[in-house]
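# Descriptive analysis of the structure
In case you want the letters, here they are:
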Amino acid sequence: MSPYRHSSFWGFIVFNICVLVSGDGANLTASEVPPLSSVVVSSAVFKPGLGSVLSLNLLSSFPEDLEISDYCSELLHIFGQRYVAYVNCLVPAARPVKVCQNCFSSYGSLTEIFSNISSDQVGPGNVSCRDSLLRSDRLMLVYELYENLKVLWEKSDCHNCITKGFQNLTSDTLHFMTTLNQTLTCFEQYQQKNKTELCTNCKTDYKNLNVLYGGMEKNKTMCIDIEDAMNMTRRLWSKNFNCSFPREETVPVIAVSSFMLFLPIIFYLSSFLHSEQKKRKLIHPNRAKSYSSLMNIQDNRS
Amino acid sequence: MANITKKVSWSSRADESGATGEGTPLLNGSEQPRHSRQDSLRGRPKEIPHNEKLLSLKYESLDYDNIENQLFLEEERRMSHMGFRCLEISRWVVCGLIGFLTGLIACFIDIVVEELAGIKYQVVKENIEKFTEVGGLSISLILWAVFNSAFVMVGAIIVAYFEPIAAGSGIPQIKCYLNGVKIPRVVRLKTLVVKVGGVICSVVGGLAVGKEGPMIHSGAVVAAGVSQGRSTSLKRDFKIFEYFRRDTEKRDFVSAGAAAGVSAAFGAPVGGVLFSLEEGASFWNQMLTWRIFFASMISTFTLNFFLSIYHNKPGDLSNPGLINFGRFETESVAYNLYEIPLFIAMGAIGGLLGALFNVLNYWLTIFRIRYVHRPCLQVMEAMLVAAVTATVSFTMIYFSNDCQPLGPDHTEEYPLQLFCADGEYNSMATAFFNTPERSVRSLFHNQPGTYNPLTLGLFTLTYFFLACWTYGLAVSAGVFIPSLLIGAAWGRLFGILLASITTTGSTWAVPGKYALMGAAAQLGGIVRMTLSLTVIMVEATGNITYGLPIMLVLMTSKIVGDYFVEGLYDIHIKLQSVPFLHWEAPATSHWLTAREVMSSPVTCLNRIEKPAKLCGLILRSQLIVLLKHKVFVELARSRLTHRKLQLKDFRDAYPRFPPIQSIHVSQDERECMMDLMEFMNATPYTVPQETSLPRVFKLFRALGLRHLVVVDDENRVVGLVTRKDLARYHLGKHGLEELQLAQT
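Residues numbered from 1 in each chain as written. Chains lettered and ligands numbered in written order. Predicted model: local features only at pLDDT ≥ 70, side-chain atom pairs only at ≥ 80, totals over all residues. Heavy atoms only, no water.

Chain A goes by Osteopetrosis-associated transmembrane protein 1 in an unreviewed UniProt entry, where it is assigned to Larimichthys crocea.

What follows is the structure, given as structure tokens:
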């Protein structure tokens, strides 16, 4: 049984990498399929046979006690399935960014299984999978894979938009989404018509959205989804619809500033003309009686 | 004994000097009679407009030479071995205190500036946002200008009316002090208070100034105050550190204070020590250096510690200095051999621009001294500069089309949107609508592409003239940060242009690196400091790899700049008519001998023999103390219980000796005699008449003398050389020139 298990392990990894590389989001809902059949299917479809057979040959020579237990390999398998599910969810959500709102639940299940793997608890048969799966080789593949996704998750600040335990989106986020939708509907409504009309009519909606966003920015309760949505909306508003503030007060600004710039000129002129020039009283120090050599000094007395 | 018993001559001269006031020193005791004679001979003394070729009578030398009179010897004999140990320990304690207090002051300035500037920019920003929407931006402009003027007005009033010596950066004054010139009121508590208040006002008032230069002055004042163990302004005497109440000890502590100031300002302890070395190096020894380094370190540490508490990260000691250049990441800022010529070229540009800055500032300062000398005018001028600075900044921001997307980590403290698209900010505003330190940092570290070349060019140009106009106003403010800012702006521009011209440039021409080099070049071109500035820059960036390029840049900028004009601080020292002694006597002055240099005749306090053989030297301040305590021979005879005068009495009077006219001497006492035997310095330094000027100069400079007696073959006093006699020779464009003495 165990050599076969191993073949399944290696085959699975290869398969997994293939999925990552192809990244086409093939409809693999790898959730409740029993592990064995999955392996069979995978090796059947992807034909990584040669490599897998080779590795099988290599590994089959290890004695029993160095192999990973059934329990661990089960965990590993579930990890693989959830990993695939999460990646499959992420890729289509890349643009426009919806990685938090769409994929939080699959990330939740992934963390759950990983914490199972990495926990100290010993499973049935008195084995801890942490050592055997996570750090028995230089590559530390499982760990690295998980770590990559974790970095992505942290970079996207998704934890700000998701409630504890990956249950749901926070109420703030939902509220923002409704306001956003409102604004976008407004945009759609007036898009065909006059642009200036859009600017005036959607202003309140847009402004509300901005205020809401500003508040979230201050509280640091934003995730990448919200930031991206806001950025797109702002770009629509400012660039596409040209609703930014126009520069129309040039004349008063120039008037005021030239007045200000004029003041120092008056000040310096008046102080030059009216202020008494400061004079210094020269004092001729006493010296020993004059010498001819003193004549050599340039006499600059004006 | 007889020939040193002198009758104090009470001619009408004493009364006359009373009329002229304390500001008229009895120069070598020979000034007064000459003065009156001259008046009668030539009528009114000649008056000329102020220029750089004058020496003011206001300044005297400090007494760095120990007065080895009998009292001194007696005291030394009485002092035990333990006493000397205690002195050494208390020196260390004083240095520690200096560092601590200087760091505390730096911390105070930093926090207050940050808070006040935060409020100001927040209010103006909200106002601008409001008026961008509904119209009326000219009102925001006026609001900004009024804010600035109001702050600057407060700062200028306290400086112009209460303590004019606190104006400017204070570095020229400290340079003079360490050189041995006694600048009146420069190290008083009042000056410190005005300085700190003034610098806060001027930075918050948005002037093109920094708070780093004044830190050096503040450190020096702290040192001079702490080491004396008392405050004459507050009339409190703590009865400690009494031994340090003389110029020699005080100078050592002041140099420690200046170093602590530099180290607090830039987070550069070694730079601080080297600054003191560069500016006051003629009096130096190993133990002193070590103590100064201790003070510097303590000061950085203190600042660091308290700022970490302020920033809610108590115990995090990794953010030294008021200005923090931030860390340059090593990969992005590596430089290559082929960049060295580029850096040198930048140094040359910096030297040229620095020379231009100095020349413009020189003419402006002369104009100010001649015409803008009344305090009310000075306050008005400062307010106008503040208003114009706000106006120019606003106009630049208003007309700028350079919009950049907001970064994720918000390096911009107060991003202004104005007419930019939502989610973007006005790039010009990050440079102008910010305290200068923050602008410097964003120029160093912002991503390539944050500023477009036009923005940088305009910014450099306007800021150059604003900074040049601002320096020399009656506000306390430094020139370091504005210079760095100008340099960083054109340096960054240089980097961007390089990247666009060369094909591979975009990979190695990182704008931040060139901004740093530009900043170093500009600062070096303006202030012309060499060793200490290199170390300060290296320490402030925390990157030793930049040592070589920064040194080359500073070298080039100094060479190029010196070809045209002196450094800014030297110009200001000259314009203040300070008798400053440079390192060496002017070249081609060997033919001048002590006979020509000296002042003569000397007022000899001697009744019996005239001209006297030299017996000793006594200072005016000592005579005043003697008169005050009425140490007359007759009195001593009649009253046997009379307490003997001790060195302590002289120390108590130090440093503010009462003016001669405040001492009452009755008619009877005028006939009395005084025995100066105990009080005079019996072995003053002397030179024969034929000594050449460079020799005299060397002796004077190296020993820190105040008087040098010129004697003839028979040891009779023929003249007296003082600082002003030596400082008046300098090498001008047409050979050796002589400066004139003037009353200022």
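## Examining the sheet that holds strand E2 (residues 47-49) of chain B
On the basis of which strands lie adjacent, the open sheet formed by four strands has the order E2(B)-E1(A)-E16(B)-E3(B) and mixed pairing. Looking at which strands have only one partner, the edges of the open sheet turn out to be E2 and strand E3 (54-56) of chain B. Averaged over all pairs of adjacent strands, the angle between their axes in this sheet comes to 50°, without regard to strand direction. With three bridges joining them, E3(B) and strand E16 (residues 740-743) of chain B adopt parallel strand pairing. (Pairing = 2+ DSSP bridges. Helix = DSSP H or I, 4+ residues; strand = E, 2+ residues; numbered from the N terminus. Axes fitted to C-alpha atoms, helices over the stretch in contact; angles between N-to-C directions.)

## A closer look at the nonpolar core
Ranked by size, the top nonpolar core spans 171 residues in total, and within it Phe357(B), Ile397(B), Phe433(B), Phe444(B) and Ile550(B) carry the most contacts. Residues in contact with Phe357(B), not counting those within four places in the same chain, are Phe464(B), Ala467(B), Cys468(B), Val479(B), Ile486(B), Ile526(B) and Leu568(B). Leu75(A), Val99(A), Val142(A) and Tyr146(A) belong to the second largest nonpolar core, which has 42 residues in total. (Core = buried A, V, L, I, M, F, W, Y, C linked by side-chain atoms within 4.5 Å. Buried < 20%, exposed > 50% of the residue type's maximum accessible area, 1.4 Å probe, protein only. Contact = heavy atoms within 4.5 Å.)

## A few points about the interface of chain A and chain B
Interface extent is often summarised as the accessible area lost during association of the parts. Residue-level contacts link 52 residues of chain A with 75 residues of chain B. Summed over both partners, the interface of chain A with chain B comes to about 6000 Å²; 59% of that surface belongs to carbon and sulfur atoms. Inspection of the region where chain A meets chain B yields one salt bridge. Across the pair Glu424(B) and Lys239(A) runs a salt bridge whose closest N-O atoms are separated by 3.4 Å. Our count for the chain A to chain B interface comes out at eleven residue pairs in polar contact (both at pLDDT 80 or more). Put simply, the parts of the chain that give the side of chain A that touches chain B at least two residues each are helix H10 (203-219), helix H11 (224-240), helix H12 (250-274) and strand E1 (279-283) of chain A. By residue number, the principal contributor to the side of chain A that touches chain B is H12(A), which donates 14 residues. Residue classes in the side of chain A that touches chain B are distributed as 22 nonpolar, 15 polar and 15 charged. As defined by bridge partners, E1(A) adjoins E2(B) across three bridges and the pair is classed as antiparallel. Paired with Lys281(A) across the strands is Glu47(B), a residue of E2(B). (Buried area = accessible area lost by both parts, 1.4 Å probe. Salt bridge = Lys/Arg side-chain N within 4 Å of Asp/Glu carboxyl O. Polar contact = N/O pair within 3.5 Å; in protein donor to acceptor, adjacent residues only side chain to side chain. Nonpolar A, V, L, I, M, F, W, Y, C, P; charged D, E, K, R; others polar.)

## A word on the domain arrangement of chain A
Residues and elements named next belong to chain A. The assigned domain composition of chain A is domain 1 (66-164) and domain 2 (170-271). Of note, the centres of domain 1 and domain 2, computed from C-alpha atoms alone, are 41 Å apart. Contact with domain 1, which involves 14 residues of that partner, is made by 13 residues of domain 2. Considering only the surface of domain 1 that becomes buried against domain 2, Val97, Asn160 and Cys161 emerge as the three largest contributors, covering 52% of it. The interface formed by domain 1 and domain 2 includes one salt bridge. Remark: the boundary between domain 1 and domain 2 carries eight residue pairs in polar contact (both at pLDDT 80 or more). Taken together, the residues that form the side of domain 1 that touches domain 2 break down as seven nonpolar, four polar and three charged. (Domains from an automatic or database assignment.)

## Structural notes on the domain arrangement of chain B
Residues and elements named next belong to chain B. Segmentation of chain B into domains returns domain 1 (7-19 + 581-742), domain 2 (83-310) and domain 3 (330-402 + 436-575). Here the C-alpha centroids of domain 1 and domain 2 sit 35 Å apart. Domain 1 puts 13 residues into the contact, and the matching count from domain 2 is 19 residues. With both sides pooled, the region where domain 1 packs onto domain 2 buries about 1500 Å², and carbon together with sulfur makes up 39% of that total.

## Examining the sheet that holds strand E12 (residues 707-711) of chain B
All names here are of chain B. The mixed open sheet is built from three strands, whose spatial order is E11-E12-E13. Unpaired on one side and paired on the other, strand E11 (686-688) and strand E13 (717-722) mark the two borders of the sheet. Each adjacent strand pair in this sheet contributes to an overall mean axis angle of 30°, direction not counted. Looking at chain direction, E11 and E12 are connected through three bridges and run parallel. Of the residues in E12, the one forming a bridge with Val687 is Val710. Strand contacts of helix H27 (residues 693-703): E11, E12 and E13, with the helix running at about 145° to E12, the strand carrying the most contacts.

## What to know about the pattern of salt bridges
Residues and elements named next belong to chain B. Going through the model one piece at a time under the given rule, you end up with 26 salt bridges over all chains. Across the pair Glu339 and Lys513 runs a salt bridge, and its minimum N-O distance is 3.0 Å. Pair noted here: Glu339 is in the loop between helix H11 (286-310) and helix H12 (340-371) and Lys513 is in helix H19 (residues 511-527), with a separation of 174 residues, a long-range link. Of the two residues, Glu339 and Lys513, neither departs from the other in class, the shared state being buried. Between Lys574 and Glu566 there is a salt bridge, with its nearest N and O atoms 3.2 Å apart. Looking at Glu566, the relative accessible area reads 28%, which means it is partly exposed. When salt bridges with common partners are traced through the structure, they connect Glu88, Arg91, Arg246, Glu249 and Arg291 into a single cluster.

## Quick word on the packing of aromatic side chains
Under the definition given, this model contains 43 aromatic pairs over all chains. Consider the rings of Tyr86(A) and Tyr107(A), whose centres lie 5.3 Å apart with planes at 50°: the pair is tilted. Of this pair, Tyr86(A) sits in helix H4 (residues 70-90) while Tyr107(A) is found in helix H5 (residues 99-118), placing the two residues 21 residues apart along the sequence. On the basis of relative accessibility, which here comes to 2%, the residue Tyr86(A) falls in the buried class. A ring pair is formed by Phe343(B) and Tyr514(B), whose centres lie 5.6 Å apart and whose planes are at 45°; its orientation type is tilted. With Phe343(B) in helix H12 and Tyr514(B) in helix H19, this pair connects stretches of sequence that are 171 residues apart. (Phe/Tyr/Trp six-rings, centres within 6.5 Å; stacked < 30°, edge-to-face > 60°.)

## Things to note about the state of the cysteines
All names here are of chain A. Going through the model one piece at a time under the given rule, you end up with five disulfides over all chains. Across the disulfide, Cys89 is cross-linked to Cys103 (sulfur-sulfur distance 2.1 Å). Of note, the bridge from Cys89 to Cys103 carries an S-S torsion of about -90° and is left-handed in sense. Of the two residues, Cys89 is situated in helix H4 and Cys103 in helix H5; the sequence distance between them amounts to 14 residues. Each sulfur in the disulfide pair Cys100 and Cys158 lies 1.9 Å from the other. Across the S-S bond of Cys100 and Cys158 the torsion is about -80°, and the bridge reads as left-handed. In this pair, Cys100 sits in helix H5 while Cys158 sits in the loop between helix H7 (141-155) and helix H8 (171-191), placing the two residues 58 residues apart along the sequence. (Disulfide = S-S within 2.5 Å.)

## Brief notes about the UniProt feature "transmembrane region" (unreviewed entry) in chain A
Within the UniProt annotation, "transmembrane region" (unreviewed entry) is assigned to residues 251-273 of chain A. In residues 251-273 of chain A, helix accounts for 100% and strand for 0%; the two terminal C-alpha atoms are 33 Å from one another. (UniProt positions renumbered as here; feature names shortened; annotations may be inferred.)

## Quick look at the environment of Leu592(B)
Residues and elements named next belong to chain B. With respect to the element layout, Leu592 can be found in the loop between helix H22 (568-575) and helix H23 (594-597). Remark: the alpha-carbon pair of Leu592 and Thr691, spanning 99 residues in sequence, is separated by 8.3 Å. Leu592 has contacts with Thr691, Ser692, Leu693, Tyr729 and Leu736, leaving out every residue within four places of it along the chain.

## Structural notes on a nonpolar patch on the surface
All names here are of chain A. On the surface, Phe262, Ile265, Ile266, Leu269, Phe272 and Leu273 cluster together into a nonpolar patch covering about 600 Å² of accessible area. Tracing the chain through its elements places Ile266 in helix H12. The class for Ile266 is partly exposed, based on a relative accessible area of 42%. (Patch = residues over 30% accessible without salt bridge, like charges linked within 9 Å, V, L, I, M, F, W, Y side chains within 5 Å. Areas by Shrake-Rupley, 256 points an atom, 1.4 Å probe, with all protein chains shown as cover.)

## Some words on the packing of H19(B) against helix H21 (residues 547-564) of chain B
Residue and element names in this part refer to chain B. Relative to each other, H19 and H21 sit at 35°, their axes nearing to 8 Å. Judged by the sense of rotation from one axis to the other, the crossing of H19 with H21 is right-handed. Each of Leu516, Met517, Ala520, Ala521, Gly524 and Gly525 in H19 lies in contact with H21, whose residues at this interface are Pro549, Ile550, Val553, Leu554 and Ser557. Split by residue class, the contact of H19 with H21 holds eight nonpolar, three polar and no charged. (Left-handed = near helix turned anticlockwise from the far one by under 90°.)

## Structural notes on the confidence of the model for chain B
Low pLDDT means the predicted atomic positions in that stretch should not be read closely. Residues and elements named next belong to chain B. Looking at chain B as a whole, the pLDDT averages 82, with 88% of positions reaching at least 70. Contacts for the low-pLDDT stretch residues 1-42, under 50 throughout, to residues beyond four places or in other chains number 78 contacts. Contacts for the low-pLDDT stretch residues 607-611, under 50 throughout, to residues beyond four places or in other chains number six contacts. For this predicted complex, the interface confidence reaches an ipTM of 0.83, while the overall pTM sits at 0.82. (pLDDT = per-residue confidence, 0-100.)

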